[in-house]
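# Descriptive structure summary
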Amino acid sequence: MSQKPNMEQLLKNLGEEYLREQLQQEEDHEFSQEYQKKKESLLAAAGGKTRRRWSRTAAACACAVLVLSVSLSVYAAISIYQASVDVDKDKGEANIHLERTDDTYVPPIKIYADYLPQGYQEWDDNKYSLNGEYGGTGISIVSANWQSDLTVPGASEAEDTTINGVKATVITRKGSEYSHIIYLFYEETGNVIEIMASDEIPLDEVIKVAENIRYEVVQEDDKTYQAFQKPVKDDPEVIEEQLKFGQDDIIRVGDTLPYANFQDIGESAGAGQESLTYTVKDVDILDKVPTDSLDSQYFSDPEAVGEYISEDGTLLPYQRTEVVWEDNETKTKDLGTVNMKYLWVTMEMTNTTEETIEDIGLTPRLYTYGREDSDTYRILSQDMYGIQPDQMPFYFDQSSYLQERKHFYYMNFAPSESKTIHLGFAIAEDRLQDTCLVFQENSEFTKYLFW
């Protein structure tokens, strides 16, 4: 079977993603990111200076050259790229094009925000929320020069301006959760900085943030990362094929399979296949979440439990919606509510080696599916229920990183250790018969659990 669409291998680097993941599918951040890749930015390195003595003649010549150089620079500043932005209001897209004009290497940078709205604090690298709430909405600041063309969905209008002498574009996204995006185009140094702010933050405050942005070069030896890459165009036929799976890809309760250790696969495919196994022992569908018997520290977002789970364990009904582009803004249409059930999955995972294995991510996701023919199925969609990040389990009782929430779904295994793992999901009652649990997406090990 061809590779399946996924995010599992990206999960360990949650803060890098997503938003963006693809501006997302709003992440998030998604952080779907819509950008699903690392957005690093790059800066031209400054040359060193040395002391030397000058003769009068040489000094006079140097002054003349300096005056000439300064005069010419007024009329023709050297740029590494030129930015242009236009909005397609019919599609609701802002298209940003970065035309490379110089091949100077642009190294990575670190970005600093010297001003934040009152009460906003950093909860992850260059991600800020009110009181520093982990995963909260607020402000995200990233470097955005990694490819030559960017598309911002949900764009109602774009205003070209300058901020502290830097060319900038302010994009307004009416109806979107993240309603303001500012791009700072440092054309002379090759950098682009994107500031994305949620709708509770006034635009004048976002502009103040932009006015107080600074950055510095990160001195790294690795120069494999290249700015201004041409975006890879998705082939609709390939994507369509990736959504399909067959009978051989389906697993049932009791099946034991290899679980890929992707770290080992980088060195040896055989090692990656043989070091871990997993077996789904049981699947139960319950009317309520047995909160009295669950340890609160194993909820992916303990603070959200009270918001989505009532005192008697009943899950809050799910409000289905549809997002559409109408009248130059993003609108959300109500498709009605549906009651939720609790999916309780028990599985076992075993380290089959005599060595310690660390950082093994377990991030199965719920998807609805349909039948193409007698032997072929197709992934259709997801219900994005609030307590459930990206349809991954909201309860996971074997995390080895409880103090690192972005690393929550990862485990460490001692030599020959077996773990009994419990996963809790919210599932719509009208999707019980056409939902599957997908393990190890986007890999040759992808499997689809039917119950």
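Above this text you will find the structure in question.
Residues numbered from 1 in each chain as written. Predicted model: local features only at pLDDT ≥ 70, side-chain atom pairs only at ≥ 80, totals over all residues. Heavy atoms only, no water.

### Structural notes on the environment of Gly165
Just so we agree on the cut-off: Think of it this way: any DSSP run of H or I at least four residues long counts as a helix, any run of E at least two long counts as a strand, and we number them from the N terminus. The classification of residues rests on relative accessible area computed with a 1.4 Å probe and restricted to protein chains. Under 20% of the type maximum is buried, over 50% is exposed, and intermediate values are partly exposed.
Structurally, Gly165 can be placed in the loop between β9 (157–163) and β10 (166–172). Judged by relative accessible area, which is 72%, Gly165 ranks as exposed. A sequence separation of 46 residues divides Gly165 from Glu211, and the C-alpha atoms of the two residues are 9.6 Å apart.

### Some details on the pairing of strand β21 (residues 357–361)
For clarity, the cut-off: Whether two strands pair comes down to DSSP finding at least two bridges between them.
Counting buried residues in β21 gives four out of five residues, a clear majority hidden from the surface. One ladder, built from three bridges, connects β21 with strand β25 (residues 410–413); its direction is antiparallel. Looking across to β25, one finds that Ile357 is bridged to Phe413.

### Examining empty space enclosed by the protein
Once rolled over the atoms, a probe with the size of a water molecule shows which space is left empty. Quick reminder of the rule: Cavities and pockets are found on a 1 Å grid laid over the protein atoms alone: a cavity is a set of points where a 1.4 Å probe fits but cannot escape, a pocket is an open set with protein on both sides within 12 Å along at least five of seven lines, and a lining residue has an atom within 4 Å of such a point. Grid points are joined across faces, edges and corners, and a volume is the space filled by probe spheres set on the points. Note on residue categories: nonpolar means Ala, Val, Leu, Ile, Met, Phe, Trp, Tyr, Cys or Pro, charged means Asp, Glu, Lys or Arg, and polar means any other residue, Gly included.
Considered as a void within the structure, the largest cavity measures approximately 80 Å³ in volume. Every residue lining the largest cavity is counted, 14 residues in all, and those nearest its centre are Leu366, Asp383, Gln391, Ile427 and Thr435. Within the lining of the largest cavity, the residues separate by chemical class into seven nonpolar, five polar and two charged.

### Quick notes on helix α2 (residues 203–211)
To be explicit about the condition: Directions pointing from the helix axis toward each C-beta atom define the arc.
Listed as buried for α2 are Glu205, Val206, Val209 and Ala210. Summarising the axial view, the buried residues of α2 lie within an arc of 150°, below the 170-degree limit, and thus occupy one face.

### Things to note about unusual backbone geometry
Generally, phi is negative for residues other than glycine and the peptide bonds are trans, each holding for most cases. Phi is positive for Asp327, which is not a glycine, with a value near 55°. As for its position among the elements, Asp327 is in the loop between β18 (318–326) and β19 (329–338). In this structure Asp327 comes out as exposed when scored by relative accessible area, which is 63%. Here the phi dihedral of Asn328 falls at roughly 65°; this positive angle occurs in a residue that is not glycine. Within the secondary structure layout, Asn328 lies in the loop between β18 and β19.

### Focus: the packing of aromatic side chains
Heads up, the condition is: Pairing of aromatic side chains requires ring centres within 6.5 Å, counting the rings of Phe and Tyr and the six-membered ring of Trp. Pairs whose planes differ by under 30 degrees are stacked, by over 60 edge-to-face, and all others tilted. Any Lys NZ or Arg CZ that is within 6 Å of a ring centre and within 35 degrees of that ring's normal is treated as a charge sitting over the ring.
All told, the structure shown has 23 aromatic pairs when counted by the stated rule. Measuring from ring centre to ring centre gives 5.3 Å for Tyr81 and Phe228, while their planes differ by 45°; the resulting arrangement is tilted. With Tyr81 in strand β2 (residues 81–88) and Phe228 in the loop between β13 (213–217) and α3 (236–242), the pair connects residues that are 147 residues apart, well separated along the chain. No difference in accessibility class separates Tyr81 from Phe228, as the two residues are buried. Considering the side-chain rings of Phe245 and Tyr377, the 5.4 Å spacing of their centres and the 15° angle between planes classify their relative orientation as stacked. You can see Phe245 sitting in strand β14 (residues 244–246) and its partner Tyr377 sitting in strand β23 (residues 376–381), a full 132 residues away along the chain. According to the relative accessible area criterion, Tyr377 is buried, its value standing at 6%. An aromatic cluster is defined as three or more aromatic residues linked by ring pairs; in this entry it consists of Tyr298, Phe299, Tyr342, Trp344, Phe394 and Tyr395. The side chain of Arg214 reaches across the aromatic face of Tyr112, ending 4.4 Å from its centre. When the ring centre of Phe413 is taken as reference, the NZ or CZ atom of Lys419 above it lies at 5.2 Å.

### Description of the environment of Val345
Along the chain, the position of Val345 falls in strand β20 (residues 340–351). Residue class for Val345 comes out buried when judged on its relative accessible area of 1%. C-alpha separation for the pair Val345 and Gly424, spaced 79 residues apart in sequence, amounts to 6.4 Å.

The analysis is restricted to geometry; functional conclusions fall outside its scope.
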